[in-house]
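These are the residues of each chain, in order.
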Amino acid sequence: MGKTLDGRLSHPFIEGVNAFINFARAVVDLNGNMSCPSIHCVNCYRQSPHMVRIHLLHRGIMQSYINRQSPHTVTELEGNQEERARDQEA
Ligand SMILES: [Zn+2]
């Protein structure tokens, strides 16, 4: 998940993490911490945005965040559905 076949982090995944951190910086608490959606913390632990970024890149993000945080994924899914509908009409 979020990795290329040879095990490296994919560029879109890193971009997504960076975008998420930029968004999250606006919602940190008074201590500058935020809920970490990494697989390890599952939003139960609060971390600094810097730590959250490290967690997401090294451990991965909660599955429930994958589609919500990635407009690309949503667009691709919708596109596939249209293709399937066209195939059924033909
Ligand atoms: Zn974490």
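Quick caveat, the model's predicted, so the values are computed rather than measured. (Residues numbered from 1 in each chain as written. Predicted model: local features only at pLDDT ≥ 70, side-chain atom pairs only at ≥ 80, totals over all residues.)

Comments concerning the environment of Ile 39
Turning to its location among the elements, Ile 39 is positioned in the loop between strand 1 (34–35) and strand 2 (46–47). Setting aside chain neighbours within four positions, we find Ile 39 in contact with Arg 59, Gly 60, Ile 61 and Met 62. (Helix = DSSP H or I, 4+ residues; strand = E, 2+ residues; numbered from the N terminus. Contact = placed C-beta atoms within 7 Å.)

With respect to the confidence of the model for the protein chain
Of the residues in the protein chain, 64% have a pLDDT of 70 or more, and the chain-wide mean is 78. The lowest-confidence element of the protein chain is helix 4 (residues 71–89), averaging 51 in pLDDT; the highest-confidence one is strand 2, averaging 95. (pLDDT = per-residue confidence, 0-100.)

Quick look at unusual backbone geometry
Look at Val 42: it is not a glycine, yet its phi comes out positive at around 40°. Structurally, the position occupied by Val 42 is in the loop between strand 1 and strand 2. At Asn 43, a residue that is not glycine, the phi angle is positive and equals roughly 65°. Note on placement: Asn 43 falls in the loop between strand 1 and strand 2. Note on Asn 43: 13 C-beta atoms within 10 Å, which makes it partly exposed. (Buried ≥ 20, exposed ≤ 12 C-beta atoms within 10 Å, placed from the backbone.)

Details of the packing of helix 1 (residues 11–24) against helix 2 (residues 49–59)
Packed helices, taken two at a time, are described by the angle their axes make and the gap between the axes. Running from N to C, helix 1 and helix 2 cross one another at 155°; their axes reach a closest spacing of 10 Å. Taken together, the axis directions place helix 1 and helix 2 in an arrangement best described as roughly antiparallel. Classified by chirality, the crossing of helix 2 by helix 1 is right-handed. Contacts from Ile 14, Val 17, Ile 21 and Ala 24 in helix 1 reach Pro 49, Val 52, Arg 53, Leu 56 and Leu 57 in helix 2. Of the residues belonging to the contact of helix 1 with helix 2, the class tally is eight nonpolar, no polar and one charged. (Axes fitted to C-alpha atoms, helices over the stretch in contact; angles between N-to-C directions. Parallel < 35°, antiparallel > 145°, perpendicular 65-115°, else oblique. Left-handed = near helix turned anticlockwise from the far one by under 90°. Nonpolar A, V, L, I, M, F, W, Y, C, P; charged D, E, K, R; others polar.)

Comments concerning helix 1
With 14 residues, helix 1 extends 20 Å between its outermost C-alpha atoms, agreeing within 8% with the 20 Å of an ideal straight helix rising 1.5 Å per residue. What helix 1 keeps buried is the set Phe 13, Gly 16 and Val 17. Along the long axis of helix 1, the arc covered by the buried residues comes to 100°, so they all point the same way. Seen from the buried face of helix 1, the exposed residues on the opposite side, beyond 90 degrees, are His 11, Pro 12, Glu 15 and Asn 22. (Expected span 1.5 Å × (residues − 1). Arc of directions from axis to C-beta.)

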